Every structure is written in structure tokens, then in C-alpha cells.
Amino acid sequence: MPCTTLLVGKKASYDGSTIIARNEDSPSTVFTPKKFVVIQPDEQPRRYRSVLSHVEIDLPDNPMRYSSVPDATPKDGIWAEAGVNQKNVAMSATETLTSNERVLGADPLVCLKKARGTEGQPGYEPEVAGGIGEEDMTTIVLPYISSAREGVELLGSYLERYGTYEMNGIAFSDVDEIWWLETVGGHHWIAARVPDDAYVVMPNQLGIDSFDLDDAMGQKRNYMCSADLREWMEENHLDLTIAGEDAQEGIHFFNPREAFGSHSDADHVYNTPRAWAIHRFLNPHSGFAVGSDGWGPEDDDLPWSLAPQRKVTIEDVKYALSLHYQGTPFDPYGAAGTEATRNAYRPIGINRNGQLAVIQLRPYAPEACRAIQWMAFGSNAFNALAPFYANVNRTPEYLANTCPHVTTESFYWTNRLIAAMADAHFNSCSIHIERYQEAVGSCGHQILRETDAKLCEQSDDPDYDQAAPALEEANERVAAMLREKTDECLSSVLLTASFGMKNGFARSDG
């Protein structure tokens, strides 16, 4: 299973922004090329058909423009993954989740059933479409929502109507709120509002660890769910809460992770260590140290949300989603521990990272330039994160032109080349990666600051038509800078890796 998600509430971020971020990782043995584009309303389908599940959905006639990070080779569908629409509402979809046999038995996943036999002949069984999945969700939801709450409600209605063939977690954000939705079985779902003063980490496991069912079925202040969740849970004995003597009759607060999730041996190798690593980084003195009496990398009760020890920056988000257990015996590039410990846990910054989208919605910026979509391609341990204004009509060619073949004309492929070479020469190439990341981040922040100031000089609240040319010009500046710094990094890594080749020999070697 791929992907790692990090969500940061507005009071936990360094500038009051809501921030949603996720690595999209390819499945094992696969490296899926990605691109960054803008979808115009006339490009949005009115009748959508899923490539994988064959489900067909009639979509509204009023889609908005939105940014998207689809597959560059759409043989398996669009897989739009992350974006912001023109009302500054963002979506990240999806984080693959685990479940358990009780849930999947009570509400089976809705999988495609292919036709059997020959039509018109005895015994023929027609095809039955499956539900919606990661391939579809951003495309059928993001262009139609005006708030994060609306995103939860719209996707929830699709899940109840069409079902899903996989367990997923989905993030929605606007300038005020972040919501996290988790699918439960084939048709059920839960959603929780991320606390403003906290961050949330999600590593391929069902994560919400406390849920107010009364609120979800009533005022929906901080929780939402499918309409029949309470009855369905009671009928199938899914709540595992042990009520105290003073508990009122019925279900109120319960732990969805215990009821709907998994705690397998595989989780303790693949999932929970990643959550522990991010908590350890954002809360270094709160019981996440190696060998402490607090939480360990295989503990099932790691918090879903937690207040950070200091405010979280964009650079913190990038570092957290690039972690490979630095400073522990579990770092595959480290000298501590043993060969066994260094390969014990799945890193966050893994070779199969395809893209990282960090969506920042800035409350202090005019609406026309409020949304920033920071993008990185390739393995996060070796790439750099660059900012792009999302409220534009087009993205720079350097990020939009990803093709099936390897070429340094593409940001995606250049980063793949850097990672493959730097990984084999990690210690000698690490200085090149550090300089590359710092240079891109510094220049990116500078271009944002200069562009924001230029827009504010023109108008206190520029509309989209006024702002769009300046935003697209700024994006081109970022892309030109990014290409220059990426090419420089590639040259440095190539030279260093060439010196390290095993067949090196010269007469002057002595």
C-alpha cells in the first residue's frame, strides 16, 4: 500500500494557513509518472466512467476550474490525486487504509464483476460495475464544492450511493477548516474535523481514534458519518468500547480505529512506524524517543492528532514526508543499529514516491492568490519542494509535460534520475541534495513574497482576471528557477556518482 498524509490545522501552522499534504507512492514494483496541470470546466466530463470499476456517474453541469496531479500515462484512469478549485477549496485523495474482517463482512467492498458467458446464451451473467475509488474521487468531487464540509458531504453521498472497492482516507480543506474522511466497508464512512491547534498523521491505516457519534448524527460540528452508521454498528456488533459504570445507554464516543481498523503484524512493519517517525519529529520531547517508556514504532495507540511542540512550517512538512528514520537504528542509510534494524521498517521517503502535493491556503492573502500548491516529484529523500499559485489557467510546461520516456526536459524524470544515483552514493551526495533543497525553497519563498507584494500594490483585493497574468508569470519564474537548480543538482550528483564507479582507474592512481 502506498502514501503518507500529514494535515496541519491553522493554529498549528507557522502562518495561520491550513495545510494538507500527501505523498502519492506507486505500488510495489511500479513507478507511475505524474504531472501537474489545470483542468478547465470545458475539459471536465459530464458523464464520468471509471476505467477500473466501470461505474458511470452523471456529473453536474457547473464544474469549476481546478488544479490536478494526474497520471502522465492514463491507462488506468485519471488519478487526479490533489488540487485546489477556483473557490480555494482543496482536496487530497487518497490514503489507502486497512480494515478488518468484521467490517468487510458486514459491508463488503463493491468490486467490478465481469460479464460471464455469451450474451443471449443460457447462463449469461452481465457485467456489474464496481464502486468508486482513488482513480475517481478528486475528479468527481473537487470541481463542485465550495467548502471542505461540502466535500465531505458530496463524497459521502457518492459512497452511500455507489459504494467503493477499496478502503481510503481523503482530506478536504478551506481557509478555515480541514476535514478527514475515512471509508468504512463498501458504503459507510466517517469524517472528523482536524483540530485547529493540531496536526494529523496518516500512514495507510484507519486513523481516527475518537468519534462523537451523537455529534455526527446531530449538529455535525466536528464529526460526520453515513446516515445509518449507528444502526449498522449495533446490528453487526462493531463497537469495541468497554463502557464504564457511569456510561449512558447507547453509543456515544467510540474508537473507530479499534472498531473499523487493523492491528496486524504487517501494520507494525509498514504503517505505525511511519506515524511514530513524524510524531517523533514534531514532538521530540513527548515520549517518542527510541527505547523510551512512551510510544514505540509498533504501538497501536499512537495519537491520530496531536499539538506540535512548535508551529509547523512548509519545510517541516517536506522533511516529515521525506523521513527515513534519521537518528535511529532504523535508518537504511545510517550507521547505527544492525543490518536487520536498518531494514526493519518502511520509510516515508521511499523510492516509490511519485509526487508530493502540499496545499497551503493562506488567510492573509487575497482570495485570488490565496492557494499555493507546493509540488515535488520522485523520491522525497532526494527531491525539492517548489511553490505554485493554484488559481491559474495553466501550469508550467516543466511540470505538465511528463511523458512515458525518460528525459531531462521533465521535472519528474530528472528527479527520478537524481534519486537513483544519489541513493547508491548517499553520504557523498547528501550535500548536493541539501543545497538543492535549500536553494529551491529559498527562491520559492522569495518569488511568492515578491508576487504577493506586486499584487497588493495594484489592488487591495484583486479579482481573478487582474491577478491571473501575474500568478502565471510567477509560476513560470518558479519553474525556470526549479529547472536551473534541478539541472545543477543532477550534474553534481552525476559527477560524484561517476567518481564512485567501481571500474575507476588511472595511471596516476599509483
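Residues numbered from 1 in each chain as written. Predicted model: local features only at pLDDT ≥ 70, side-chain atom pairs only at ≥ 80, totals over all residues. Heavy atoms only, no water.

An unreviewed UniProt entry lists the protein chain under the name Dipeptidase, with Parafannyhessea umbonata given as the organism. Note on the protein chain: under the UniProt heading Catalytic activity (unreviewed entry), the record states "an L-aminoacyl-L-amino acid + H2O = 2 an L-alpha-amino acid". (UniProt positions renumbered as here; feature names shortened; annotations may be inferred.)

This part covers the environment of Phe-254. For Phe-254, the location among the structural elements is in strand β15 (residues 253-254). Separated by 125 residues in the primary sequence, Phe-254 and Ser-379 place their C-alpha atoms 37 Å from one another. Leaving out residues up to four positions away in the same chain, Phe-254 has contacts with Asp-209, Ser-210, Phe-211, Leu-213, Met-233, Asp-239, Thr-241, Ala-259 and Phe-260. (Helix = DSSP H or I, 4+ residues; strand = E, 2+ residues; numbered from the N terminus. Contact = heavy atoms within 4.5 Å.)

Once that is clear, we can look at empty space enclosed by the protein. Tallied over the entire structure, the rule returns 2 cavities of 30 Å³ or more. As a volume, the largest cavity reaches approximately 120 Å³. Pro-203, Gln-205, Arg-257, Ala-275 and Leu-302 are the residues nearest the centre of the largest cavity, which is lined by 16 residues in total. Those elements giving two or more residues to the lining of the largest cavity turn out to be β12 (199-202) and α8 (272-282). A class-by-class count of the residues in the lining of the largest cavity yields 8 nonpolar, 5 polar and 3 charged. The calculated volume of the second largest cavity comes to roughly 50 Å³. Around the second largest cavity, the lining residues are Val-38, Arg-65, Tyr-66, Ser-67, Val-84, Asn-85, Gln-86, Asn-88, Ala-390, Asn-391 and Val-392. Classifying every residue of the lining of the second largest cavity gives 5 nonpolar, 5 polar and 1 charged. (1 Å grid on protein atoms, 1.4 Å probe; cavity = no way out; pocket = protein on both sides within 12 Å on 5 of 7 lines; lining within 4 Å. Points joined across faces, edges and corners; volume = space filled by probe spheres on them. Nonpolar A, V, L, I, M, F, W, Y, C, P; charged D, E, K, R; others polar.)

Here the focus is the packing of helix α11 (residues 411-424) against helix α12 (residues 426-458). If you want to describe how two helices pack, look at the angle between their axes and the distance between the axes. Packing of α11 against α12 leaves a shortest axis separation of 7 Å and a crossing angle of 145°. Judged by the twist between their axes, the crossing of α11 over α12 is left-handed. Contact with α11, carried on its side by Phe-411, Asn-415, Ile-418, Ala-422, Asp-423 and Ala-424, involves Phe-426, Cys-429, Ile-433 and Tyr-436 of α12 and no other residues of that element. Looking at side-chain class alone, the contact of α11 with α12 contains 8 nonpolar, 1 polar and 1 charged residues. (Axes fitted to C-alpha atoms, helices over the stretch in contact; angles between N-to-C directions. Left-handed = near helix turned anticlockwise from the far one by under 90°.)

We now examine the pairing of strand β2 (residues 18-25). Of all 8 residues that make up β2, 8 are buried, and the element is covered over most of its length. A two-sided burial pattern is seen for β2, the buried positions comprising Thr-18, Ile-20, Arg-22 and Glu-24 on one face and Ile-19, Ala-21, Asn-23 and Asp-25 on the other. In this sheet, β2 lies alongside strand β1 (residues 4-8) in antiparallel orientation, the contact comprising 5 bridges. Its bridge partner lying in β2, Leu-6 is registered against Ala-21. Pairing geometry for β2 and strand β17 (residues 353-361), over 8 bridges, is antiparallel. (Buried < 20%, exposed > 50% of the residue type's maximum accessible area, 1.4 Å probe, protein only. Pairing = 2+ DSSP bridges.)

With that settled, the discussion passes to the packing of aromatic side chains. Tallied over the entire structure, the rule returns 19 aromatic pairs. Looking at Arg-65, its charged tip hangs above the ring of Tyr-464, at a distance of 4.3 Å from the centre. (Phe/Tyr/Trp six-rings, centres within 6.5 Å; stacked < 30°, edge-to-face > 60°. Lys NZ or Arg CZ within 6 Å of the ring centre and 35° of its normal.)

What follows is about α12. Over its 33 residues, α12 runs 47 Å from end to end, which matches the ideal 48 Å to within 8%, given 1.5 Å per residue. Its buried side turned inward, α12 meets β18 (371-377), α11 and α13 (464-499). (Expected span 1.5 Å × (residues − 1).)

Structurally, the position occupied by Thr-313 is in the loop between β16 (305-306) and α9 (314-320). Among the residues examined, Thr-313 registers a relative accessible area of 19% and is labelled buried. Looking at Thr-313, its side chain comes within polar contact range of the main-chain nitrogen of Glu-315, at 3.3 Å. (Polar contact = N/O pair within 3.5 Å; in protein donor to acceptor, adjacent residues only side chain to side chain.)

With that settled, consider the sheet that holds β18. Across the sheet, which stays open at both edges, the 6 strands sit in the order β16-β12-β1-β2-β17-β18 with antiparallel pairing between neighbours. Sheet topology places β16 and β18 at the edges, where each strand pairs with a single neighbour. Strands in contact with α11 are β17 and β18; relative to β18, the strand with the most contacts, it is inclined by about 45°.

Quick look at the domain arrangement of the protein chain now. One can read the domain layout of the protein chain as domain 1 (3-364) and domain 2 (397-500). Placing a centre on the C-alpha atoms of domain 1 and another on those of domain 2 gives a separation of 27 Å. Across the contact, 17 residues belong to domain 1 and 15 residues belong to domain 2. Counting each side, the surface lost to burial between domain 1 and domain 2 is near 1300 Å², with a carbon and sulfur contribution of 54%. Linking domain 1 with domain 2 are 1 salt bridge. Between Arg-362 and Asp-452 there is a salt bridge; the shortest N-O distance is 2.7 Å. Our count for the domain 1 to domain 2 interface comes out at 5 residue pairs in polar contact (both at pLDDT 80 or more). Here the residues of the side of domain 1 that touches domain 2 are counted per class, giving 7 nonpolar, 4 polar and 6 charged. (Domains from an automatic or database assignment. Buried area = accessible area lost by both parts, 1.4 Å probe. Salt bridge = Lys/Arg side-chain N within 4 Å of Asp/Glu carboxyl O.)

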